[in-house]
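# Notes for the structure review
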Amino acid sequence: MEFAEYDNVAEPFLASVRADPAACAMVYEGKRITYGQMNERVNRFAHLLADEAGVRAGDRVAYLLPNCPELMEVYYAAQKIGAVTVPLNFKLIAREVGFLVNASGADTLVFAVQFADLVAEAARDFERPVRQYCVGGEAAGAVEVEAVLARSASDEPPLFHDAAALTRIQYTGGSTGLPKGAARTHRADLVELASVTASNGMAQQPGCIALVQCPLEHHGGHSWFTSIFATRGTLVICSAFNAERILHDIAAYRATHMILLPPTTYERLTRCPVIDQYDLSSVRLVQSAAGATTRAMIEGVFACFPNADLNYGWGQSESGTGTSLRLTRAMLASDSPLLGSIGRPMPYAQLKVVDDEGREVPVGQVGEALIKAEAVMAGYYGQPELTAEVFTEDGWLRTGDMMAQDEEGYFFMRSRKKDMVKSGGENVFVAEVEGVLREHPAIDDCLVFGTSDPVMGEAVAAVVQPVPGAVLTAAEV
């Protein structure tokens, strides 16, 4: 297995640094940053954390940052010294930030200056003293990062070594209310890295140029930036969705890979009225995940990216790895049933479908998907009861996703287990209904859920967003 000799997730990045320090690691707002320059910043951040903030191995370091170079710099700095990162979603409200800082036990918080008011409000609920560092400017109660980095050492700190130690606590909302922190280890993240780079082709063709729009603090964004740096690629950072800016960057930097989330974002991109003005022929792989694809979305991607395949996959913060499927033009032309599949298990993972008693169900029947892999989380941080519930006695992770499997080993998502609507004694899978609705040319997006019904017990309800300018009636829906 690639990366099997490592026991720290920073090591694949360091191997790329040593191999070619002059190679371009990142492009941000038109500025190119080499691997050597990036690693120098990572080292300065590592000394800031260890020497200025007093962070030690096992301490938690939270960050609240948009898509920007500092996010990766803080992440790798923490890994080098053995700290545990806590990525925070920058769309959280103050109460949620306070809750996650407390739940994770973080005593260091790095945040962007645009979130200064949010952090100040959240800090009122902190249960312990939290050292605050502000990126991009000054904020009350925080140390300005650049001032400290300027005087920090840039030499390589002693590298932490323990594959079983935690790398990060990835919080996920899921469908059960309070956020759950997937506690991930160096070993789990290294296996995930090997799995992802094999499935998206980065391992076979190193040196990709990948444009990433999805949040880099999200599990999917994290998976991609670590994959890019592990294979000596270039990350083109997209800080927000802007169709013309994305198209410009693809053409200007000759991007070979790209990931936009959720899948409906591709429809927004391909509907851009000036898309024909850009040369998108360099793109070989378009990645989609975190939501269902539609035929219209697949057709749009193939029409606008003439040399690209569409890679679709399923995965979770808890599972690390998941499934993958390479969709081709031939599959679209033949109307292959695999257009509705989430693919087969990625390398180093096993997946099976079981009933409520844990017995594997026959091919074609729906049940809960269970996954087993070294890439799976160690458990939910600080939640032993929840951890016990989600793992079987023989070590399989209960995903909470309802799937079916065909004769060739391809898996098909049906619904979240908690999103299944029981209507008149029949199981109605939310994802199936949403998939049908999204096929309507006037429907841009939709959300399906169960609502109480005096006759059927539960009825199926839907909130529908029409395509801009379309006329849509309830009867059509």
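Our subject is the structure that appears above.
Residues numbered from 1 in each chain as written. Predicted model: local features only at pLDDT ≥ 70, side-chain atom pairs only at ≥ 80, totals over all residues. Heavy atoms only, no water.

A separate point is the pairing of strand 15 (residues 322–327). Put simply, side chains in a regular strand alternate between the two faces of the sheet. Strand 15 sits mainly inside the fold: five of its six residues count as buried. The pairing of strand 14 (residues 309–315) with strand 15 spans six bridges and is antiparallel. Across the sheet, Gly-315 pairs through a bridge with Gly-322, a residue of strand 15. Linking strand 14 to strand 15, which pair antiparallel, is a turn of six residues; within it Gly-320 sits at a positive phi near 75°. Examined bridge by bridge, strand 15 and strand 16 (residues 344–345) share two bridges and lie antiparallel to one another. Each bridged residue has a counterpart across the sheet, and for Ser-324 the counterpart in strand 16 is Arg-344. (Buried < 20%, exposed > 50% of the residue type's maximum accessible area, 1.4 Å probe, protein only. Helix = DSSP H or I, 4+ residues; strand = E, 2+ residues; numbered from the N terminus. Pairing = 2+ DSSP bridges.)

Here Leu-261 and Pro-262 are connected by a cis peptide whose omega angle stands at -5°. Looking at the element boundaries, Pro-262 is found in the loop between strand 12 (257–259) and helix 10 (264–270). Even without a glycine there, the phi angle at Arg-232 is positive, about 60°. Among the structural elements, Arg-232 can be located in the loop between helix 8 (219–230) and strand 11 (234–237).

This part is about the packing of helix 7 (residues 186–199) against helix 8. Two elements in contact, helix 7 and helix 8, have axes separated by 10 Å at closest approach and are oriented at 75°. It follows that helix 7 is roughly perpendicular to helix 8 by the angle criterion. Residues Asp-189, Glu-192, Leu-193, Val-196 and Thr-197 of helix 7 form the contact with helix 8, whose participating residues are His-219, His-222, Ser-223, Thr-226, Ser-227 and Ala-230. Counted by class, the contact of helix 7 with helix 8 contains three nonpolar, six polar and two charged residues. (Axes fitted to C-alpha atoms, helices over the stretch in contact; angles between N-to-C directions. Parallel < 35°, antiparallel > 145°, perpendicular 65-115°, else oblique. Contact = heavy atoms within 4.5 Å. Nonpolar A, V, L, I, M, F, W, Y, C, P; charged D, E, K, R; others polar.)

Aromatic rings considered in pairs are described by the distance between their centres and by the relative angle of their planes. Following the criterion strictly, the structure yields 11 aromatic pairs and no others. Judged by centre distance (6.1 Å) and plane angle (65°), the rings of Phe-13 and Phe-229 are edge-to-face. Of this pair, Phe-13 sits in helix 1 (residues 10–19) while Phe-229 sits in helix 8, and the two are 216 residues apart along the sequence. Across the pair, exposure class does not vary: Phe-13 and Phe-229 are buried alike. (Phe/Tyr/Trp six-rings, centres within 6.5 Å; stacked < 30°, edge-to-face > 60°.)

As a further point, take a negative patch on the surface. A surface patch of negative charge is lined by Asp-117, Glu-121, Asp-125 and Glu-127. Relative to the helices and strands, Glu-121 resides in helix 5 (residues 116–122). (Patch = residues over 30% accessible without salt bridge, like charges linked within 9 Å, V, L, I, M, F, W, Y side chains within 5 Å. Areas by Shrake-Rupley, 256 points an atom, 1.4 Å probe, with all protein chains shown as cover. Salt bridge = Lys/Arg side-chain N within 4 Å of Asp/Glu carboxyl O. Lys, Arg positive; Asp, Glu negative; His and termini not counted. Charge placed at Lys NZ, Arg CZ, Asp CG, Glu CD.)

Right, let's talk about the pattern of salt bridges for a bit. Scanning all chains against the criterion turns up 21 salt bridges. The partner of Lys-80 in a salt bridge is Glu-156, with the nearest N and O atoms 2.3 Å apart. Residue Lys-80 is located in helix 3 (residues 69–81), and its partner Glu-156 is located in the loop between helix 6 (145–151) and strand 8 (166–172); the two are separated by 76 residues in the primary sequence. Assessed through its relative accessible area of 39%, Glu-156 is described here as partly exposed.

Glancing now at the sheet that holds strand 11. Read from one edge of the open sheet, nine strands run 2-1-11-10-12-13-14-15-16, paired in mixed fashion. Whereas interior strands pair on both sides, the edge strands pair on one side only; in this sheet they are strand 2 (31–34) and strand 16. For strand 13 (residues 285–288) and strand 14, the ladder comprises four bridges, and the chain directions are parallel. Bridge pairing links Ser-288 to Tyr-312 in strand 14.

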